[in-house]
Amino acid sequence: MADNTIQLTVIDMAGTTVADDGLVVEAFEAAATAAGLPSSGAERDHARQFVLDTMGQSKISVFRSLFVREELAQQANRAFEAAYEGLIHEGRARPLPGAAEALTTLRGAGVKVALTTGFSATTQEKLLAALGWESLADLVLAPGHGVRGRPYPDLILTALMRLQADGVGNVAALGDTSSDIDSAHRAGCAIAAGTLTGAHNRQQLHDAGATHIVPTVTEFADLVLQFR
């Protein structure tokens with residue numbers, strides 16, 4: 001097996017394989033209200049922008065940075081998850097075109113697929129169920145005990161260990177945010193790719209150090225298969 005063979009892909013969900021359509025920001029508004037932020041004004045605007053800038057990161061970590069006090073962060077996180085899960089139940093979550101097919105193609109070619117998120121494991125589970133994606137990936141991961149969210153490398157390295165890739169040089173990662181790119185670099189991935197279907201634009205992904213920028217996850221699958 002060639003040293004540069006990609007054995008494992010670690011792929012983000014919201015904005016990368018699942019259309020966001022403003023759902024994260026909509027759920028944030030409920031979280032901000034629960035944490036006591038004014039409904040309008042500079043403080044609310046600053047918090048909303050912070051959420052946009054930190055897209056891809058663990059939501060509880062984002063709320064800890066915003067609200068400082070742990071009880072407020074937890075309150076905001078509970079409100080966020082309840083709001084997002086409500087949007088899922090309304091049928092507002094939908095896969096991006098070609099996403100399921102791209103992941104199936106990768107697995108069919110012998111490349112393992114891990115789906116990761118900044119949401120909690122509970123929210124991730126409900127999202128997967130709503131999409132009918134329970135068996136689409138080899139592994140699904142969310143931040144939790146002993147596994148930090150992005151921009152830390154934990155999700156990628158945990159996927160590497162659980163799915164037994166030979167090394168970080170055999171891993172390709174894809175996400176729609178600068179935090180995804182940062183996480184992939186910290187993990188030492190051979191490919192730290194960004195996609196243009198989500199929160200951050202080409203310039204932001206480039207500035208974060210993306211090794212490749214692709215229109216969608218479909219082109220990412222094509223890229224990975226060049227290394228088979």
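Here, the structure is the one placed above.
Residues numbered from 1 in each chain as written. Predicted model: local features only at pLDDT ≥ 70, side-chain atom pairs only at ≥ 80, totals over all residues. Heavy atoms only, no water.

Things to note about the overall build of the chain
Broken down by element type, the chain carries 10 helices and eight strands. The globule rule puts the C-alpha radius of gyration for 228 residues at 17 Å, and the 17 Å found for the chain is close to it. Its C-alpha atoms give the chain principal-axis dimensions of about 55 × 35 × 30 Å. Across the 228 residues that make up the chain, the buried fraction comes to 52%. A total of about 9,800 Å² of accessible surface is found on the chain, and carbon and sulfur atoms cover 51% of it. One finds the centroid of the 17 positive side-chain charges in the chain at a distance of 4 Å from the centroid of its 26 negative side-chain charges. (Helix = DSSP H or I, 4+ residues; strand = E, 2+ residues; numbered from the N terminus. Rg over C-alpha atoms; globule rule 2.2 N^0.38 Å. Buried < 20%, exposed > 50% of the residue type's maximum accessible area, 1.4 Å probe, protein only. Areas by Shrake-Rupley, 256 points an atom, 1.4 Å probe, with all protein chains shown as cover. Lys, Arg positive; Asp, Glu negative; His and termini not counted. Charge placed at Lys NZ, Arg CZ, Asp CG, Glu CD.)

Examining the side chain of S58
If you trace the backbone, S58 turns up in the loop between α2 (42–53) and α3 (59–67). For S58, a relative accessible area of 5% translates into the label buried. Residue contacts for S58: discarding those within four places in its chain leaves G118, P143, G149 and R150. (Contact = heavy atoms within 4.5 Å.)

Side note on the environment of V25
If you trace the backbone, V25 turns up in helix α1 (residues 23–34). Those residues within four positions of V25 in sequence are excluded, and the remaining contacts are R48, L52 and M55.

Thoughts on the packing of aromatic side chains
Note on aromatic pairs: each is described by the distance of the centres and the angle between the planes. On inspection of all chains with the given rule, the structure shows five aromatic pairs. Arranged with centres 6.1 Å apart and planes meeting at 20°, the rings of F63 and F67 form a pair that is stacked. Of the two residues, F63 and F67 both sit in helix α3, four residues apart, roughly one turn of that helix. Here F63 falls in the buried class, since its relative accessible area comes to 1%. (Phe/Tyr/Trp six-rings, centres within 6.5 Å; stacked < 30°, edge-to-face > 60°.)

Quick word on the nonpolar core
Formed by 55 residues in total, the largest nonpolar core has its most connected members in F63, Y84, L127 and F220. Sort the elements by how many residues they give to this core and helix α4 (residues 70–89) lands first, with seven residues. Residues within four places of F220 in sequence aside, it is in contact with T9, I11, A172, A173, L174, I191, A193 and V214. In terms of nonpolar packing, the next biggest core, distinct from the first, is built from 21 residues, L8, A184, A192 and A210 among them. (Core = buried A, V, L, I, M, F, W, Y, C linked by side-chain atoms within 4.5 Å.)

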